[in-house]
Amino acid sequence: MEKRLLTIQDVSCFGQCSVTVALPVISACGIETVILPSAVLSTHTGGFRNYTFRDLTSDMPGIEKSWEKEGLFFDAFYTGYVCADQIDPILSILAHRAAPGAIRIVDPVMADNGKLYPGFTADFPQKMKRLCTGADYLLPNLTEAAFLLGKEPKLENYSREEIETMIAELHAMGVKNVILTGVSFTPSELGVAVSDGRSVRYDFNAKIDRSSHGTGDVYASVFCGALMRGFSAFDAAALAADIVCAAINATPPEHWYGVCFEKVIPELVERLETGCRTR
Ligand code: PXL
């Protein structure tokens, strides 16, 4: 049977993030992708000032009921940007619409570079923590990991030991696999730490000296697609990093609000076909 994934995150109509990244990327990986929008925004909140925001929390129970009547189940769940009051309705969907052996992939989208995104209040990380408990794969960046653990984010001059302590604390929350992004021990490299609770492996790429919006969503979407195609967590994490780098490099500087991931979909498809993660 073909595998089916449900992704729960916002529709930012303009801006190349969330659903407008996940749907094309995971579909390109050959995986049926179902969406449950957490909110509809005119644009994302990272640099646009005039965005509209419609919170769709009140639609969720009815959507779950409709899927129950239709007998719909999912082999994987990928949650991203969600609203503060959605944790319970989402946990209900995860509990009731899971096919046997279904996996939960949680990207605790809420912060970057030491700060919560606009619109999230200081108590949001504790709410998001409830969604993270029980995740098979958790994909925080360094800021999100710190907030989930109730710590001040430390964005530089941290040791390998500090990183691995945070990872152990995330596992202690009830997370099976941790994929911690944005880890860097040298000025020229940026990478990811992948832990299954027994050992931590690192993958590094050359650091690209430029900040880009939406890269976390491209990263998580490629990770989900590759994992569902049978890649190990480490190989999926490394492929996702390569695709994000390629997408950033394919994006002209004036295209500030997102990355041109469309241009690297052929490379993604080819890498999935060949099972190749060498650069
Ligand atoms: O890319 C993360 C993200 C998702 N959704 C919305 C956002 C952001 C980041 O700013 O604003 C609405």
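Shown above is the structure to which this text applies.
Residues numbered from 1 in each chain as written. Predicted model: local features only at pLDDT ≥ 70, side-chain atom pairs only at ≥ 80, totals over all residues. Heavy atoms only, no water.

J.: So what's going on with the packing of helix α1 (residues 19-28) against helix α7 (residues 215-228)? Which residues, and what values?
T.: When two helices pack together, their arrangement is given by the angle between their axes and by how far apart the axes lie. It is at 9 Å that the axes of α1 and α7 come closest, and there the two elements cross at 30 degrees. Here α1 lies roughly parallel to α7, going by the angle between them. Along this stretch, α1 crosses α7, giving a crossing that reads as right-handed. Contact residues: V21, A22, V25 and I26 in α1; D217, V218, S221, V222, C224 and G225 in α7. A per-class count over the contact of α1 with α7 returns 7 nonpolar, 2 polar and 1 charged. (Axes fitted to C-alpha atoms, helices over the stretch in contact; angles between N-to-C directions. Helix = DSSP H or I, 4+ residues; strand = E, 2+ residues; numbered from the N terminus. Parallel < 35°, antiparallel > 145°, perpendicular 65-115°, else oblique. Left-handed = near helix turned anticlockwise from the far one by under 90°. Contact = heavy atoms within 4.5 Å. Nonpolar A, V, L, I, M, F, W, Y, C, P; charged D, E, K, R; others polar.)

J.: I'd like a description of the site of the ligand, backed by residues and values.
T.: Taken together, D10, S12, C17, S18, L41, H44, T45, G46, Y81, V109, Y117 and D217 make up all the residues around the ligand. S18 is positioned with one of its side-chain polar atoms (N or O) 3.2 Å from a nitrogen atom of the ligand. T45 has a polar side-chain atom sitting 2.6 Å from an oxygen atom of the ligand. Protein contacts shield 95% of the accessible area of the ligand, which totals 320 Å² for the unbound molecule. (Near = heavy atom within 4 Å. Polar contact = N/O pair within 3.5 Å; in protein donor to acceptor, adjacent residues only side chain to side chain. Areas by Shrake-Rupley, 256 points an atom, 1.4 Å probe, with all protein chains shown as cover.)

J.: Give a detailed account of the nonpolar core, specifying residues and quantitative values.
T.: Residues I179, Y219 and F223 are the most contacted members of the largest nonpolar core, which totals 43 residues. Where this core is concerned, the elements lending two or more residues are α1, β4 (74-79), β10 (189-195), α7, α8 (233-249) and α9 (265-274). With 12 residues, the single largest contributor to this core is α8. If near-sequence neighbours (up to four positions away) are discounted, F223 is found in contact with I105, Y137, L139, I179, A233, A236, A237 and A240. Residues W67, F77, L94 and A135 belong to the second largest nonpolar core, which totals 41 residues. (Core = buried A, V, L, I, M, F, W, Y, C linked by side-chain atoms within 4.5 Å. Buried < 20%, exposed > 50% of the residue type's maximum accessible area, 1.4 Å probe, protein only.)

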